[in-house]
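# Geometric and topological summary
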Amino acid sequence: QDPKFNLRGAEIDVQAAKRKLQRVTALGSARGEFRPDSTLAAADSITAGPAQAGSWITGDTLDLYFGASGIDSLASSGGSRSYFRESAESGVNYILGRWIKLVWENGVVERVQVDGGGRGLFVLPDSSLKQTVPDSAASAHDSVHTGKQ
């Protein structure tokens, strides 16, 4: 169950082999917007408003990679920003970095990797408490697991 995904950029390059989509690249002020299938009935538009679940990612370049079951991963490079909200009841994750990679497993974002000055903010649902995610001085490549355990 892949999310609904909208992609914009100055140029879009599509790569396929044997009629199967392998990679889509958006170049130049690229923006991807996505929402889990479970929230599609909640809104007609992915930008319906703050009460709806939905996420976006921006960067100079976005690369979407596809596997047998749909979107496998997405990488943003060059001034990357990501806003992630899995459901209307979940918290909100906002991340900045030179490079951001989102990895899907079973139709949901399971892992987020940030490189190059990674910073972020997590806002808990129904709370005014905010947790700032600091840069990691010990690692040049940070990884955050978002899946349920």
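Described in the following lines is the structure provided in the data block. (Residues numbered from 1 in each chain as written. Predicted model: local features only at pLDDT ≥ 70, side-chain atom pairs only at ≥ 80, totals over all residues. Heavy atoms only, no water.)

### Here's the deal with the overall build of the protein
Across its full length, the protein carries 0 helices and 10 strands. In the protein, the succession of α and β elements from N to C terminus is β-β-β-β-β-β-β-β-β-β. Within the protein, the proportion of its 149 residues that are buried is 38%. As displayed, the protein offers around 8600 Å² of accessible surface, 50% of which is attributable to carbon and sulfur atoms. (Helix = DSSP H or I, 4+ residues; strand = E, 2+ residues; numbered from the N terminus. Buried < 20%, exposed > 50% of the residue type's maximum accessible area, 1.4 Å probe, protein only. Areas by Shrake-Rupley, 256 points an atom, 1.4 Å probe, with all protein chains shown as cover.)

### Brief notes about the pattern of salt bridges
For the structure shown, the criterion picks out 5 salt bridges. With a shortest N-O distance of 3.8 Å, glutamate 33 and arginine 8 are connected by a salt bridge. Linking glutamate 33 in strand S3 (residues 20–35) with arginine 8 in strand S1 (residues 4–8), this pair joins segments that are 25 residues apart in sequence. Among the ionic contacts, a cluster of salt bridges with common partners joins Arg8, Arg31 and Glu33. (Salt bridge = Lys/Arg side-chain N within 4 Å of Asp/Glu carboxyl O.)

### Digging into the packing of aromatic side chains
Remark: the centre distance and the inter-plane angle together describe each pair of aromatic rings, the angle taken between the planes. One pass over the full model with this rule turns up 3 aromatic pairs. Judged by centre distance (5.4 Å) and plane angle (70°), the ring pair of phenylalanine 34 and tryptophan 104 falls under edge-to-face. Highlighted residues: phenylalanine 34 in strand S3 and tryptophan 104 in strand S6 (residues 92–105), separated in sequence by 70 residues. Take phenylalanine 34: its relative accessible area is 2%, and that puts it in the buried class. Look at tryptophan 56 and tyrosine 94: their rings are 6.2 Å apart centre to centre, the planes differ by 65°, and that puts the pair in the edge-to-face class. Here the residue tryptophan 56 occupies a position in strand S4 (residues 55–67), and tyrosine 94 occupies one in strand S6, the gap between them amounting to 38 residues. (Phe/Tyr/Trp six-rings, centres within 6.5 Å; stacked < 30°, edge-to-face > 60°.)

### As for the side chain of threonine 25
Relative to the helices and strands, threonine 25 resides in strand S3. Since its relative accessible area comes to 7%, threonine 25 is described here as buried. A distance of 2.6 Å separates polar atoms of two side chains, one belonging to threonine 25 and the other to aspartate 63. Residue contacts for threonine 25: discarding those within four places in its chain leaves Glu11, Ile12, Asp13, Thr61, Leu62 and Asp63. (Polar contact = N/O pair within 3.5 Å; in protein donor to acceptor, adjacent residues only side chain to side chain. Contact = heavy atoms within 4.5 Å.)

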